[in-house]
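Each chain, letter by letter, is given below.
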Amino acid sequence: MRCGWRVAQWITEMVERRFASGLLSHLVMLIGVAVVAFPIYLAFIASTHTPQEIVQAPMPLLPGSNFWETYRATLFGRDTGAGSHAPVARMMWVSLVSALIITFGKIAISLLSAFAVVYFRFPFKRLCFWAIFVTLMLPVEVRIGSTYQVVSDLGMLNSYAGLTVPLIASATATFLFRQFFLTVPDELVEAARMDGAGPMRFFKDVLVPLSKTSIAALFVIQFIYGWNQYLWPLLATTNEDMYPVVIGIKRMIAGGDGQNEWNVVMATALLAMLPPAVVVVLMQKWFVKGLVDTEK
């Protein structure tokens, strides 16, 4: 009886300890979510009020009645305010096209360059790979002056080519695909060769399907990278019709608080967050699998 009572007491203590630990974990998680979500909530609240209501103290913490008017003016443009009046729908289209071109361009070039480095024999192959790898230390910010000069001389300012071509190569993606290709068994190469498959058929029918999880992970990373570009579009665009949405937010802010339409600025910031969030949510499974999956 005493032994059974002690076992029951030990089980009760374990359950209580586990419950307390789970409660603490959930409490910490809820606090973290609140810290992250509160600025987003404030941005949403600000987007539902008029500019005059936002700048008054204290700022309202409940939704206002200006929701539809704010988002209609944001998406389709307006005539008031001190900053840019360009429609955000156009800005988001420019950002979407630029991000997709950068993403698909980086993946395509990286796949082909990694394929060449791993499976082809040519003079100075290792030197070529390390030349690609060294460019990791030369981001756009380091070579921005010369890059701008080249783009300007080619007449590519205020164009999709000017926004994307200087950002389209990726040494990181090339390195990741190279490391993956090195793990592909040699038996697959021999089997493809015996079946009469040429290099490009082996690339298309074998390597690309095997790389789909890595491609998905890189798609998410590179899409967010392309969408959030700020410094290069700031130099490469002077026409409102070619502003990406991140630049549009900056151009909307001009003058003092009383001159800025903060409800439109906050609505633009919320709209700018939606496409990357949708991509992450829709491709979360593939993204995680591409980062952690080791099965070939």
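Residues numbered from 1 in each chain as written. Predicted model: local features only at pLDDT ≥ 70, side-chain atom pairs only at ≥ 80, totals over all residues. Heavy atoms only, no water.

Chemist: Looking at this structure, I do not really get the overall build of the protein chain. What am I missing?
Modeler: The helix and strand tally for the protein chain stands at 15 helices and 0 strands. If you take every contact in the protein chain between residues at least 6 apart in sequence, the share linking residues at least 24 apart comes to 71%. By element, 69% of the accessible surface of the protein chain is carried by carbon and sulfur atoms, the whole surface being about 17,900 Å². (Helix = DSSP H or I, 4+ residues; strand = E, 2+ residues; numbered from the N terminus. Contact = heavy atoms within 4.5 Å. Areas by Shrake-Rupley, 256 points an atom, 1.4 Å probe, with all protein chains shown as cover.)

Chemist: I keep staring at the pattern of salt bridges and nothing clicks. Help me out?
Modeler: Any two side chains of opposite charge can pair, given that their charged atoms come close. Per the stated rule, a full pass over the model turns up 3 salt bridges. Among the salt bridges present, the one from Glu190 reaches Arg193, with a minimum N-O distance of 3.0 Å. Of this pair, Glu190 and Arg193 both sit in helix α9 (residues 186–194), separated by 3 residues, roughly a single helical turn. Look at Glu190 and you get partly exposed, because its relative accessible area is 43%. A salt bridge links Arg201 to Asp205, with the shortest nitrogen-to-oxygen separation between them at 3.3 Å. With Arg201 and Asp205 both in helix α10 (residues 199–210) and 4 residues apart, the pair spans about one turn of that helix. The exposure class assigned to Asp205 is partly exposed, which follows from its relative accessible area of 40%. The network of salt bridges with shared partners includes Arg201, Lys204 and Asp205. (Salt bridge = Lys/Arg side-chain N within 4 Å of Asp/Glu carboxyl O. Buried < 20%, exposed > 50% of the residue type's maximum accessible area, 1.4 Å probe, protein only.)

Chemist: Please clarify how the packing of helix α5 (residues 125–134) against helix α8 (residues 171–182) should be interpreted in this entry.
Modeler: The description of two helices packed together rests on the angle between their axes and the distance between the axes. At a minimum axis distance of 8 Å, the contact between α5 and α8 shows a crossing angle of 135°. In terms of axis orientation, α5 runs oblique to α8. By crossing handedness, the relation of α5 to α8 is classed as left-handed. From α5, Phe129, Ile132 and Phe133 reach across to α8, where they touch Ala171, Thr174, Phe175 and Arg178. Class assignment for the residues of the contact of α5 with α8 results in 5 nonpolar, 1 polar and 1 charged. (Axes fitted to C-alpha atoms, helices over the stretch in contact; angles between N-to-C directions. Parallel < 35°, antiparallel > 145°, perpendicular 65-115°, else oblique. Left-handed = near helix turned anticlockwise from the far one by under 90°. Nonpolar A, V, L, I, M, F, W, Y, C, P; charged D, E, K, R; others polar.)

Chemist: Would you mind showing me how to read the confidence of the model for the protein chain here?
Modeler: Close inspection of predicted coordinates is inappropriate in any region flagged by low pLDDT. Scored by pLDDT, the protein chain comes out at a mean of 82, with 88% of its residues at no less than 70. Mean pLDDT values over the elements of the protein chain span from 71, in helix α15 (residues 284–292), up to 91, in helix α4 (residues 88–119). (pLDDT = per-residue confidence, 0-100.)

Chemist: What exactly am I supposed to notice about the packing of helix α13 (residues 245–252) against helix α14 (residues 262–282) here?
Modeler: Across the interface, α13 lies against α14 with an axial gap of 10 Å and an inter-helix angle of 170°. Between α13 and α14, the crossing angle belongs to the class labelled roughly antiparallel. Of the residues in α14, those in contact with Val245, Ile249 and Met252 of α13 are Val264, Val265, Thr268, Ala269 and Ala272. Its residues assigned to classes, the contact of α13 with α14 comprises 7 nonpolar, 1 polar and no charged.

Chemist: Got a minute to help me understand the side chain of Thr174 in this structure?
Modeler: Along the chain, the position of Thr174 falls in helix α8. At a separation of 3.2 Å, a polar atom in the side chain of Thr174 contacts the side chain of Ser113. For Thr174, the residues in contact, after removing those within four places along its chain, are Ser110, Ser113, Ala114 and Ile132. (Polar contact = N/O pair within 3.5 Å; in protein donor to acceptor, adjacent residues only side chain to side chain.)

Chemist: I tried to follow the nonpolar core on my own but got confused; where do I start?
Modeler: Buried together is how nonpolar side chains tend to be arranged in soluble globular proteins. Phe177, Phe181 and Val245 are the most contacted members of the largest nonpolar core, which totals 45 residues. Listed by contribution, the elements that provide at least two residues to this core are α1 (2–47), α4, α8, α9, α10, α11 (212–227), α13 and α14. Apart from the residues within four sequence positions on either side, Phe181 is in contact with Leu111, Ala114, Phe115, Val118, Tyr119, Leu207 and Ser211. (Core = buried A, V, L, I, M, F, W, Y, C linked by side-chain atoms within 4.5 Å.)

Chemist: What is the right way to read the packing of aromatic side chains from this model?
Modeler: Centre distance and the angle of the planes are the two values used to describe a pair of aromatic rings. A complete count under the given rule lists 16 aromatic pairs for this structure. Pairing Phe223 with Trp227 gives two aromatic rings, centres 6.0 Å apart and planes at 25°, and the pair type is stacked. Pair noted here: Phe223 and Trp227 are both in helix α11, with a separation of 4 residues, about one helical turn. With respect to burial, Phe223 and Trp227 carry one shared label: buried. (Phe/Tyr/Trp six-rings, centres within 6.5 Å; stacked < 30°, edge-to-face > 60°.)

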